[in-house]
Amino acid sequence: MKKTWNVYRLKVSTRTGAGILLILFISIIQGGTPLLAQDKSSENKAREVVAASIEAMGGDAYLNVTGVMSYGRYFAFRKGRKAFARFHDWTVYDPVKWRFQLGKGKSQNVQIFNLELGKAWSLEGKDYVEEIPEEAIQDFRRGAKKDLDLIIRQRLNEEGMNLYYYGPDDVSGTGEVEAVEFLDSTNDSLVVFFDTKTHLPVKTETHNTDRVGVRHKQEQEFSNWHVIQGINTALRHDVYVDGEISRQRFIEELTYNPTFPPGHFEEPVVDEDD
């Protein structure tokens, strides 16, 4: 059955610095409502939508999450081929530390990013550790800045962060979805689509430029919501790049604010006797 993720799209272009200047110029020559007044109204409504979503996801319980541990099934898609593995994910939000493992034992692949140290490593099997280069760490840092949970918990009120509201009439689809765009001081944008009834996020959309300068659209869809430790949690994540399925996660176990083992986000120590 075809998924409905691609139903929700903005009918209007998202904001950019150049776009805002163009709209301001048109508003002036046409004698329309000043752009600043429009944006203030849009931001107030956007913040109302985000506040409703925070409550729907658990209110203070959601905001007070400092880390999460999850386990489940991971699927990756490339050129029509599908690969499957079991995954473990350990995440700390402030400062960001992330450990992600596919497989286990001699066939495992582990990546560790520690933005507190500005370091990252990969572990293949049990005995091969390699330091991840700075360029990849910067890519990870840029991606983390556009993570929905990090934006809501940490970046929502940072200086230079602007919010814009798009109502159901601005969103293609069923008319039951509204959207908020988060645009930071560096002109990085994340658009989040919310269900108008449940107030839960159903999809995010952002754009990334790869190392050869090609711009790609990435969309992530959230579904299969369950309450865990008082927090409404999406147990299925579907990621699309340029309209094509890229990867899926099906979470089977999840714990909020767990106790992580010492050194879990540091360079792996290889047991040479193993």
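Calculation rules
- Residues numbered from 1 in each chain as written.
- Predicted model: local features only at pLDDT ≥ 70, side-chain atom pairs only at ≥ 80, totals over all residues.
- Heavy atoms only, no water.
- Helix = DSSP H or I, 4+ residues; strand = E, 2+ residues; numbered from the N terminus.
- Buried < 20%, exposed > 50% of the residue type's maximum accessible area, 1.4 Å probe, protein only.
- Contact = heavy atoms within 4.5 Å.
- pLDDT = per-residue confidence, 0-100.
- Core = buried A, V, L, I, M, F, W, Y, C linked by side-chain atoms within 4.5 Å.
- Pairing = 2+ DSSP bridges.
- Salt bridge = Lys/Arg side-chain N within 4 Å of Asp/Glu carboxyl O.

Novice: Even after reading the chapter, I still don't get unusual backbone geometry, so can you show me in this structure?
Specialist: Of all residues except glycine, most have a negative phi; of all peptide bonds, most are trans. Residues Asp94 and Pro95 are joined by a peptide bond in cis, for which omega reads -10°. Summarising the element assignment, Pro95 is placed in the loop between β3 (81–93) and β4 (96–102). Although it is not a glycine, Asn187 adopts a positive phi angle of roughly 75°. Relative to the helices and strands, Asn187 is located in the loop between β10 (177–183) and β11 (189–195). Unusually for a residue other than glycine, Asn257 sits at a positive phi of about 50°. Relative to the helices and strands, Asn257 resides in the segment after β15 (244–256). Taking the relative accessible area as the measure of exposure, Asn257 reaches 39% and is therefore partly exposed.

Novice: Would you mind going over helix α5 (residues 148–155) with me for this structure?
Specialist: One turn of an α-helix holds 3.6 residues; hence residues three or four places apart share an orientation. Of all eight residues in α5, six are buried, a share of seventy percent or more. Burial in α5 covers these residues: Leu148, Leu150, Ile151, Ile152, Arg153 and Arg155.

Novice: Is there a simple way to explain the environment of Asp188 in this structure?
Specialist: By secondary structure assignment, the location of Asp188 is in the loop between β10 and β11. Between the C-alpha atom of Asp188 and that of Thr206, which follows or precedes it by 18 residues, the distance is 8.5 Å. Residue contacts for Asp188: discarding those within four places in its chain leaves Lys146, Phe182 and Leu183.

Novice: Help me understand the confidence of the model for the protein, please; the structure alone is not making it clear to me.
Specialist: Per-residue confidence for the protein gives a mean pLDDT of 88; residues scoring 70 or more make up 86%. Here helix α1 (residues 17–30) stands out as the least confident element of the protein, with mean pLDDT 47; helix α3 (residues 60–63) is the most confident, with 98. Overall, residues 1–5 carries pLDDT values under 50, and its contacts beyond four positions in sequence, including any with other chains, amount to 10 contacts.

Novice: It is not clear to me how the environment of Glu176 should be interpreted in this structure. Could you clarify?
Specialist: Here Glu176 lies in the loop between β9 (171–172) and β10. Glu176 gets classed as partly exposed once you look at its relative accessible area, which sits at 34%. Along the backbone, Glu176 and Thr196 are 20 residues apart, and their C-alpha atoms lie at a distance of 5.5 Å. Not counting residues up to four positions away in its chain, the partners in contact with Glu176 are Phe194, Asp195, Thr196 and Lys197.

Novice: Even after reading the chapter, I still don't get the environment of Val192, so can you show me in this structure?
Specialist: Along the chain, the position of Val192 falls in strand β11. Along the sequence, Val192 and Glu205 sit 13 residues apart, while their C-alpha atoms lie 6.5 Å from each other. Those residues within four positions of Val192 in sequence are excluded, and the remaining contacts are Leu148, Glu178, Ala179, Val180, Phe182, Pro201, Lys203 and Thr204.

Novice: What should I look at first to understand the nonpolar core in this one?
Specialist: Side chains of nonpolar character tend, in soluble globular proteins, to be buried together. Among the nonpolar cores identified, the biggest contains 44 residues, and Val50, Phe113, Leu163, Val180, Phe182 and Tyr256 are the most heavily contacted of them. With residues near it in sequence (within four places) discarded, Val180 still touches Ala46, Val49, Val50, Leu163, Tyr164, Leu190, Val191, Val192 and Phe194.

Novice: Looking at this structure, I do not really get the pairing of β10. What am I missing?
Specialist: Looking down a regular strand, the side chains alternate between one sheet face and the other. A large share of β10 lies buried, amounting to seven of its seven residues. In β10, alternate side chains face the same way, and those of Val177, Ala179, Glu181 and Leu183 on one face and Glu178, Val180 and Phe182 on the other are all buried. Pairing analysis gives five bridges linking strand β8 (residues 162–166) to β10, with the strands arranged antiparallel. Across the sheet, Tyr165 pairs through a bridge with Val180, a residue of β10. Alignment of β10 against β11, held across seven bridges, turns out to be antiparallel. By the bridge assignment for β11, Val180 is matched with Val192. Here β10 folds back onto β11 in antiparallel fashion, the turn holding five residues, of which Asn187 has a positive phi close to 75°.

Novice: Would you explain the pattern of salt bridges in this entry?
Specialist: Working definition: two side chains of opposite charge can pair if their charged atoms are close together. Inspection of every chain in the model, using the stated rule, returns 16 salt bridges. Across the pair Glu252 and Arg73 runs a salt bridge, and its minimum N-O distance is 3.0 Å. Separated by 179 residues along the polypeptide, Glu252 in strand β15 and Arg73 in strand β2 (residues 67–78) bring together distant segments of the chain. Owing to a relative accessible area of 41%, Glu252 belongs among the partly exposed residues under this scheme.

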